Amino acid sequence: MSIHEEHNSAPEMGQMERGTSQRLAARQGMWVQAWTALCVLLAVWSLVWGVGWATGTANAWAYGLAGLILLGCAVWARRSAIRNAPPRHL
């Protein structure tokens, strides 16, 4: 048996059935990615409206403040998702 054949004979992960640690880790990773994407989106939104506020766009301060509040909520949810994640040493 050559070295290449040994590497190709690694066991497959198989199906990710309900309740398995791989499925729970994948689900938790998906939530962290989703909250991270929302945080980035809200940060950009707040930044754009902050620039609008500085340049004098009408009602930009209201949109910027709402974006900052939503950003704070999204950051809190992201930190909670990371904190409640299953251990990484599966």
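Calculation criteria
- Residues numbered from 1 in each chain as written.
- Predicted model: local features only at pLDDT ≥ 70, side-chain atom pairs only at ≥ 80, totals over all residues.
- Heavy atoms only, no water.
- Helix = DSSP H or I, 4+ residues; strand = E, 2+ residues; numbered from the N terminus.
- Buried < 20%, exposed > 50% of the residue type's maximum accessible area, 1.4 Å probe, protein only.
- Polar contact = N/O pair within 3.5 Å; in protein donor to acceptor, adjacent residues only side chain to side chain.
- Patch = residues over 30% accessible without salt bridge, like charges linked within 9 Å, V, L, I, M, F, W, Y side chains within 5 Å.
- Areas by Shrake-Rupley, 256 points an atom, 1.4 Å probe, with all protein chains shown as cover.
- Salt bridge = Lys/Arg side-chain N within 4 Å of Asp/Glu carboxyl O.
- Contact = heavy atoms within 4.5 Å.
- Expected span 1.5 Å × (residues − 1).
- Axes fitted to C-alpha atoms, helices over the stretch in contact; angles between N-to-C directions.
- Parallel < 35°, antiparallel > 145°, perpendicular 65-115°, else oblique.
- Left-handed = near helix turned anticlockwise from the far one by under 90°.

On to unusual backbone geometry, then. Phi is positive for N59, which is not a glycine, with a value near 60°. With respect to the secondary-structure elements, N59 resides in the loop between α2 (21–55) and α3 (60–83).

This part takes up the side chain of S46. Positionally, S46 belongs in helix α2. Assessed through its relative accessible area of 9%, S46 is described here as buried. Within the structure, S46 has its side chain in polar contact with the backbone oxygen of G67 (distance 3.3 Å).

Let us now look at a nonpolar patch on the surface. Residues W53, W61, L65 and I69 make up a contiguous nonpolar surface patch of about 490 Å² in total accessible area. Examining the composition of the nonpolar patch, we find that three residues originate from one element, α3, more than from any other. With respect to the helices and strands, W53 occurs in helix α2. Residue classification places W53 among the exposed residues on the basis of a relative accessible area of 55%.

Right, let's get into the environment of L42. Here L42 is to be found in helix α2. As for L42 and L68, which are separated by 26 residues in sequence, their C-alpha atoms are 7.4 Å apart. In this structure L42 touches G67, L70, L71 and A74, once residues within four positions along its chain are discounted.

A few words on α3. Side chains that are three or four residues apart share a direction in an α-helix, a result of its 3.6 residues per turn. The first and last C-alpha atoms of α3 sit 34 Å apart over 24 residues, in line with the 34 Å expected at 1.5 Å per residue. Along α3, the positions that sit buried rather than exposed are A60, G64, G67, L71, A74, A77, S80 and A81. On the buried face of α3, the contacting elements are α2.

In a packed pair of helices, the relevant descriptors are the angle between the two axes and the axis-to-axis distance. At their nearest, the axes of α2 and α3 sit 8 Å apart, and the two run at 160° to each other. Put simply, α2 runs roughly antiparallel to α3. Of the two possible hands of crossing, α2 and α3 adopt the one that is left-handed.

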